Amino acid sequence: MRKILPIFLVMAGLFCRAQTATTPVAPPDETIIKDEFYNNRPLNEIIADLQKKYKVKIGHDPELLKKYRVSYWFDNTKLLDGLKGALKETKELTFYIDDANIIQIVAKTATETLKNARKEFDTRFRGEPTRSDFTLTGKVVERKTNESMPFATVTVLGSKIGVQTNVDGYYSLLKVPSDTVTIMVSYVGYKTATVHLSPKTPLQNFTIEIEPGEQELEEVMVMGEKTEVLKANEIVGMIKMTPKNLAKLPNIGERDPFRAFQLMPGVSASNESSSGLYVRGGTPDQTLVLYDGFTVYHVDHLFGFFSAFNYNALKDIQLYKGGFDAKFGGRISAVAEITGKEGNKKQFNMGADLSLLSVNGFIETPLNKKTTLLIAARRSYQGALYEKIFSTFTSERQTNVSQPGFGGRPPGGGRFGNNATQNQTAKSYFYDLNAKLTWNLTKKDIVTWSLYNGTDKMDNSSASSFNFGRQGIFGASTATNDVSAWGNLGSSFKWSRRWNDKLYSNMLVSYSNFYSNRDNTRAVTNTIPATDTSAATTRNVNIGQVETNDLKDFTAKIDFEYKLTPHNQLEFGVHATSNTIHYNYVQNDTVNVLSKNDKGTISSFYLQDQIRLLDTKLLIKPGIRANYFDVTKKWYIEPRLSATYALNERVKLKMALGTYYQFAKQINREDLTQGNRSYWLLADGNALPVTKSNHLILGGSYEFKEYLVDVEMYQKNNVGITEYTLRFVPQIRQGLSVQETFFNGDETVRGVDVLIQRKFGKFNGWIGYTLSEAVRDVTIFSDRPYHSDQDVRHQFKFIGSYRWRNIDFALTQIISSGRPYTSIVGAYQITLLDGSIRSFTMPSDKNASRFPSYNRLDISATYNARWGSIGLSVFNLYNRKNVWYKRFEVITQGDESVLQTTNVNYLGFTPNVTFSWKLH
């Protein structure tokens, strides 16, 4: 309110002066203050004294100024220079000269509004209003491209009336008091825009333009401020970021929204091998990722150093860390809602990015007055940096190679004997394509088609031969087939319609497919030469595994928004999702370890009300979601409630609680020697129960000057957590079935997230801290609860950026506790009935050990120009050896088996250069 009050008073002052005649006033720049000394006096008294003695007009708010005490000596000083010096002490006030040649003192945060008021939106009308209590509808768009801006805030200045634009950028303001009020629009990463209505303003289809934030300083008046990089306190558990703000952050690959979200409190950042979101103790599969309405089931490229989403194709991203709305279902942890760009509606544009890892390009263009097209594509290439990442994340490129589709931890390789030779040419690349076509059919109808396709391919096959023994008389050869491919294909078709000023609908049909195929088999040929008593023999052994996972998702849904009153909005809809999931795991060519073919449909409807009470200080969102799962033939009811209460302009309290179910889930398959893997299956209500989670979130925020302090405490109780292991295969004769070795249990996650953000200024950024604990209770692994794989007790993050002229400097510091793991404490041998000897390992208690703490510092510098930018990033500046996983190998020495343990580390010091160019 203190920020709005001076703006209102300034506007009111301008209006009054237009209606009344005034006594001519000497130009303020000619006024000289001869000798006035003020010692620690309230600023409002100083201004009153100057006005009385020197007959000058200074517009100000006495209530705003009286809280500042200033010491200043006007010694034969020009009035403007003296005011500049006096106000500099406050650090929060500035001034300008209005059209009537009057000095106006305002808060610095108000000058952005005043600047925009002087631009083309300025339709100030100084006559009497002609309309009242009307409805104003329209769209918020970006000025340069005319793209719609989803989830922007639109308010009537000086009142409690305000709304948020929907996913298509439309707003509807009910009961606007008059047609001479001021409308204010804010959006993270963009300058706040103000529009002054007049009797000539159209009340329907009224478009408001906003533009990206930049810093523009002038001698007398601060004309603009650096806009916020993120929004973190508007909705419970929600973080909002625009891709435009990601360019300045350090990166190993490209500007990446999911890597940026990992820098937020509550999202783990110590898993370099995944760009997936481990949110508040949850796993990536427990986060619903929506891209233009369809679900993306896997978000990694190149071992997680790239996410599946091309920066050039994205417009808006919102991450809900918990307690999310009833319109979202099917996940128990979090929601990442991504809106793709529509394309430039005003002119043809194109651009490209080139780094040491990939090349990326896009084009956007209007096809006609109603249709726009955007296409963005990128592909990796095997340069020096790519080879470094590839060799590190394939464990020195020895035989077995893991792929992200199965968990992201590669196994260790074998050891060759004497006189070994190896022939291997590794081939690996990824690509993705985004396309979006938008038809504005009428002023009420929008039709969009969106497409995404992303693929990773890896061929690490090799052939080896070696001999051993005295004089190398024994020989062996191996032919390894190590081919992997994984990716996503998704598309949606959406029809949006504004039926009237109160009712809006979105109808969507979509298809999504995740696939992962891994052929890791090895043919070993052993040659034993002839002796005096036996002929030469050759023995062929096939070892390894073939693993395939294919998930198809067909979804249809319709969502409605209905504004009952200016402070009450109803949201409701119907969703239906049909899943078909295949999984097959074969060992040594013949043993079919696990084969699953799942089909199921989830039918859902939801209802949610958004109510503002107590003069809009209290926002309540009660909601309910009901799901029918045809596999179990049961209903799953999800009640939800969230609320925020503004104690005053600076302090906000918030809470959320709710129930959430997940039907399609990734199963964690324990592999002690080669790292855990995961794959998608569909719950069946028996061996694979539907997962349930209950959320409770309590928090608050305090906002002052340029800073925000936000704290949220949370607890999640999960039921039906599933793990899969072959650890107990030797006990098969005791009743266990290899085909169905699924083990279920419960999980409790609790913690607190703290965010301290500096939002404005040349130097800005944030400090994030998370204290959390994730504990599982799966009795087959332990007779007492144990820490989950993703449990990280402490995480500290510091993100800072500084702008000097056209250069953005940034750094990110991440310090976190080590993750837990299950160690192997010994090995033993068993002689089988056929006389062969097989080695077995003895595991420790489940997750009884922890990796060392994680520590990493990244820095970057980006030079910005009209044509684009050049950026330099250094990943892991001080070359910290962070442990990725432990590799356990059983080495046979005579009649004994010796266990060898090796640390496999993440990337060390790694620089990258990125060149970006754009036409407009």
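So, how was this worked out
Residues numbered from 1 in each chain as written. Predicted model: local features only at pLDDT ≥ 70, side-chain atom pairs only at ≥ 80, totals over all residues. Heavy atoms only, no water. Salt bridge = Lys/Arg side-chain N within 4 Å of Asp/Glu carboxyl O. Helix = DSSP H or I, 4+ residues; strand = E, 2+ residues; numbered from the N terminus. Buried < 20%, exposed > 50% of the residue type's maximum accessible area, 1.4 Å probe, protein only. Polar contact = N/O pair within 3.5 Å; in protein donor to acceptor, adjacent residues only side chain to side chain. Contact = heavy atoms within 4.5 Å. Core = buried A, V, L, I, M, F, W, Y, C linked by side-chain atoms within 4.5 Å. Pairing = 2+ DSSP bridges. Axes fitted to C-alpha atoms, helices over the stretch in contact; angles between N-to-C directions. Expected span 1.5 Å × (residues − 1). Arc of directions from axis to C-beta.

Caption draft 1: Geometry of the pattern of salt bridges. The full count for this structure, using the stated rule, is 34 salt bridges. Across the pair Asp168 and Lys494 runs a salt bridge whose closest N-O atoms are separated by 3.0 Å. Here Asp168 is found in the loop between strand 8 (162-164) and strand 9 (170-176), whereas its partner Lys494 is found in strand 28 (residues 474-498), with 326 residues between them in sequence. Accessibility assignment for this pair places Asp168 and Lys494 in one class, buried. Of the charged contacts in the structure, one is a salt bridge between Lys315 and Glu342, with a shortest N-O distance of 3.3 Å. Linking Lys315 in strand 19 (residues 314-320) with Glu342 in the loop between strand 20 (334-340) and strand 21 (349-355), this pair joins segments that are 27 residues apart in sequence. Owing to a relative accessible area of 8%, Glu342 belongs among the buried residues under this scheme. Three or more residues are tied together by salt bridges with common partners; here these are Arg280, Lys321, Lys654, Asp710, Glu712 and Asp753.

Caption draft 2: Structural context of the side chain of Gln569. Tracing the backbone through its elements, the reader meets Gln569 in strand 31 (residues 568-587). In this structure the side chain of Gln569 is engaged in a polar contact, spanning 3.2 Å, whose partner is the side chain of Glu571. Look past the residues within four positions of Gln569 in its chain and what remains in contact with it is Glu561, Tyr562, Lys563, Gln608, Asp609 and Gln610.

Caption draft 3: Looking closely at the nonpolar core. Counting 46 residues, the largest nonpolar core has Phe258, Phe261, Leu277, Val289, Tyr291, Phe309 and Ile338 as its most contacted members. Only strand 14 (238-241), helix 6 (257-261), strand 15 (287-291), strand 19, strand 20, strand 23 (371-380) and strand 51 (883-893) provide two or more residues apiece to this core. If you tally residues by element for this core, the top one is strand 51, at four residues. Apart from residues lying up to four places away in sequence, Phe261 is in contact with Ile239, Met241, Val267, Leu277, Ile317 and Leu319.

Caption draft 4: Main features of the sheet that holds strand 11 (residues 193-196). One open sheet accounts for four strands, arranged 8-7-10-11; its pairing is antiparallel. Two strands close off the open sheet at either side, each with one partner strand: strand 8 and strand 11. Put simply, the sheet's adjacent strands are angled 15 degrees from each other on average, direction ignored. Strand direction decides the pairing type here: strand 7 (residues 153-156) and strand 8, joined by three bridges, are antiparallel. Note on strand 8: the bridge partner recorded for Thr153 is Gln164.

Caption draft 5: Representation of the side chain of Gln318. Here Gln318 is to be found in strand 19. Polar side-chain contacts of Gln318 include one of 3.4 Å to the side chain of Tyr320. Setting aside anything within four residues of it in sequence, one finds Gln318 in contact with Phe151, Met238, Ile239, Lys240, Val335, Ala336 and Glu337.

Caption draft 6: Quick look at helix 2 (residues 43-54). With twelve residues, helix 2 should cover 16 Å at 1.5 Å per step; its first-to-last C-alpha distance of 16 Å lies within 8% of that length. Buried within helix 2 are the following residues: Leu43, Asn44, Ile46, Ile47, Asp49 and Leu50. Directly beyond the C-terminal end of helix 2, a positive phi value near 55 degrees is found at Lys55.

Caption draft 7: Quick peek at the sheet that holds strand 2 (residues 58-59). Here we have three strands laid out as an open sheet, ordered 2-5-4, and mixed in their pairing. Two strands in the sheet have a free side with no partner beyond their single neighbour: strand 2 and strand 4 (93-97). In this structure, strand 2 lies alongside strand 5 (residues 103-107), joined through two bridges in parallel fashion. Across the sheet, residue Ile58 finds its bridge partner in strand 5, namely Ile103. Contacting strand 2, strand 4 and strand 5, helix 4 (residues 79-88) runs over the sheet at an angle of about 160 degrees to strand 4.

Caption draft 8: Expanded view of the environment of Asn488. Take Asn488: it is sitting in strand 28. Judged by relative accessible area, Asn488 falls into the buried class, the value being 5%. Each C-alpha atom, one on Asn488 and one on Thr295, is 9.8 Å from the other, the two residues being 193 residues apart in sequence. Beyond its immediate chain neighbours, meaning those up to four positions away, Asn488 contacts Val296, Tyr297, His298, Tyr452, Asn453, Gly454, Asn513, Phe514 and Tyr515. Within polar-contact distance, the side chain of Asn488 engages the backbone oxygen of His298 at 2.7 Å.

Caption draft 9: Spatial organisation of helix 4. Regarding helix 4, the residues found buried are Leu79, Leu80, Gly82, Leu83, Ala86 and Leu87. The buried residues of helix 4 occupy an angular sector of 160 degrees when projected down its axis, which confines them to one face.

Caption draft 10: Seen up close, the pairing of strand 40 (residues 742-758). As judged from the 17 bridges shared by strand 39 (residues 707-725) and strand 40, these two strands associate in the antiparallel manner. In the sheet register, Met713 faces strand 40, and the bridge partner there is Val752. Inspection of the sheet shows strand 40 paired to strand 41 (residues 763-777) by 13 bridges, in the antiparallel sense. Along strand 41, the bridge assignment pairs Arg758 with Gly765.

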